[in-house]
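# Remarks on the overall topology
Below are the chains, spelled out letter by letter.
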Amino acid sequence: MMPLSLLLIIGLLVFAAVLFTPKKRQNNSYVKTVQWAFGIYIAVLLLSVPVVYLLPEGSGLSADVENAPSEFPSLLKLADNGDIEHTGHVYQQETWEVQVENQEVQLTMSEVNGSHARLPIYVEHVSNQQDMIEAAYYQTPFIVEGFDMSNRLGSLDIGFGNESGRLNIYPPGQTRIDLSMFKQEFPIAQLTGERGMENVYTNSDQLLYLKVPEDMALNYHDHIEVYYHNENQ
Amino acid sequence: MSLTKPSLAQTVLKQFWFKLKSLAGMISSLIMLQLIGLLFALGASSNFYTGSDGVFDLQISYYSADLVVVFTMLWGFISAITMKTKAYREDDFVFVTNRLSSNLSNIAYLLAASVIGGVTAILSGYLLKVVIYLLFESTPIIHTGLTDSLVELLSGMLAASLFIFMFAGAGYLVGTLVQLHKAFTYITPVAVIGFILLSDRISDGHLLAEVGEFYFNEASLWLLSVKTLVTAGLLLAGSIGISQRLEVKT
């Protein structure tokens, strides 16, 4: 029924407009006034064209990521293939080294905005590492319409308490980003193909990579997403 | 008795120039409607995106002068109807003319008005950008929506003008029908809405959506021109055919 109500509204608008459109006048001064008004209107429109080209685009944002890939690799897949430290090195944001005395460590993750954060954790047990956990946080770029907004996203932090045997993970908080865009008018857009707002942004992938001693056991709650290296191999 | 025999083209041209000067009210209503459309366009439509990991909450405000173009199409439709009202029809009797030359000069005027409307509607997008940037928007603008070339801009203006002309043709036919008999004032909208509802029931598709796709999804300027001009031509030819049957001063 939406189109019917839309039709009715349009019909009412047309009827009202026809009823209230000024009747034709032969008054010469009115004609001259309209000519002046039209001339001024056209002048304002034409003046706005060069002004628009002088407006800065994306002021306050980092420069365009030219030739940026539209897709980034899945960090989880890179970790599975053992390639995270090589190919995924460009996406590494931060690293930590934590001295651990316990053989059992409790993993905890803070909530974000009152709900469980969905940050995947990839664990690799290594033999050449004693009493130390190496952690690395990877994040692929967050691209919005060619602008790299990665620096606007929050950062991750971790902390370890030897007494409690807890590795606390503090995921990045939710960042609110407000932007504006102008769309081309539809007669232009239908010819240029710049239609709807598809693929406006490229989602940022995140991963916390943990290298733990071979005999260390990790305990964690079910809501924490943990993957193990060579789990299914 | 005059010894000169004015040609149809000369008569149409004279009437056209006269109407161009005398129909100032339509130009003032064009300016008003476009400014109202710009006012509405200052309110952005927003899209919200939330990252799958809850890491970001992205709000993008979209601005566009689409409303101005739509209002201008509406103006074309309304103007064409009002051209067939008594106040405007009386002008034709200033000249020695016939219904054909009167209709042709009206069509020429509607074409000129459509071009003016299309050009100003597209240019209003630039005015919208300036107003929003300078007076309203405080968030970063990441896409200005500007055309890449003058050809694209001119193509857009031509497309807008063709749409307006097509709507003007529809309005002209409606105005002619009402001139034929006052009852068409009510019959026409009822018949149109009834036809749309009936066709929706009979077929799977939605008629309005399919008609809209036929015109507004056309990516080729050439095909778009053919579609809109043929449609407008048929509507206007129908108007001319109907008006030829009318009495002299109806």
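Preceding this paragraph is the structure being described.
This write-up is about the structure you can find in this document. (Residues numbered from 1 in each chain as written. Chains lettered and ligands numbered in written order. Predicted model: local features only at pLDDT ≥ 70, side-chain atom pairs only at ≥ 80, totals over all residues. Heavy atoms only, no water.)

Here we take up the sheet that holds strand β9 (residues 157-161) of chain A. In sheet architecture, strand pairing relies on hydrogen bonds along the backbone and comes in two forms, parallel and antiparallel. Residue and element names in this part refer to chain A. Taken in spatial order, the 4 strands make up an open sheet running β9-β10-β2-β14, and their pairing is mixed. The two strands at the open ends of the sheet, each matched to only one other strand, are β9 and β14 (217-220). Direction aside, neighbouring strands of the sheet carry axes that sit 25° apart on average. Note: strand β2 (residues 104-109) against β14, 4 bridges, orientation parallel. (Pairing = 2+ DSSP bridges. Helix = DSSP H or I, 4+ residues; strand = E, 2+ residues; numbered from the N terminus. Axes fitted to C-alpha atoms, helices over the stretch in contact; angles between N-to-C directions.)

As a further point, take a nonpolar patch on the surface. A cluster of nonpolar side chains, contributed by B:W222, B:L223, B:V226, B:V230 and B:L234, occupies part of the molecular surface with about 530 Å² of accessible area. Topologically, B:W222 is positioned in helix α9 (residues 221-243). (Patch = residues over 30% accessible without salt bridge, like charges linked within 9 Å, V, L, I, M, F, W, Y side chains within 5 Å. Areas by Shrake-Rupley, 256 points an atom, 1.4 Å probe, with all protein chains shown as cover. Salt bridge = Lys/Arg side-chain N within 4 Å of Asp/Glu carboxyl O.)

Moving on, we come to α9(B). Between its first and last C-alpha atoms α9(B) spans 32 Å; for 23 residues at 1.5 Å apiece the expected length is 33 Å, and the two agree. Within α9(B), burial applies to B:L224, B:S225, B:K227, B:T228, B:T231, B:A232, B:L236, B:S239, B:I240, B:I242 and B:S243. Structurally, α9(B) contributes buried residues whose contacts are with α4 (186-192) of chain A together with α5 (99-136), α6 (150-180) and α8 (207-216) of chain B. (Expected span 1.5 Å × (residues − 1). Buried < 20%, exposed > 50% of the residue type's maximum accessible area, 1.4 Å probe, protein only. Contact = heavy atoms within 4.5 Å.)

What follows concerns the environment of B:V131. Residue and element names in this part refer to chain B. Tracing the backbone shows V131 in helix α5. The sequence separation of V131 and L42 amounts to 89 residues, and the corresponding C-alpha distance is 8.5 Å. When sequence neighbours within four positions are dropped, the list of residues in contact with V131 reads L42 and F136.

Residues and elements named next belong to chain A. Taken as a whole and assessed by the stated rule, the structure comprises 4 salt bridges over all chains. Of the charged contacts, one joins E85 and K211 as a salt bridge, the two residues approaching to 2.8 Å between their closest N and O atoms. Placement of E85 in the loop between α3 (75-80) and β1 (92-99) and of K211 in strand β13 (residues 206-213) is noted, with a sequence separation of 126 residues between them. Note on E85: relative accessible area 45%, which makes it partly exposed. Residue K211 is classed as buried on the basis of its relative accessible area of 15%.

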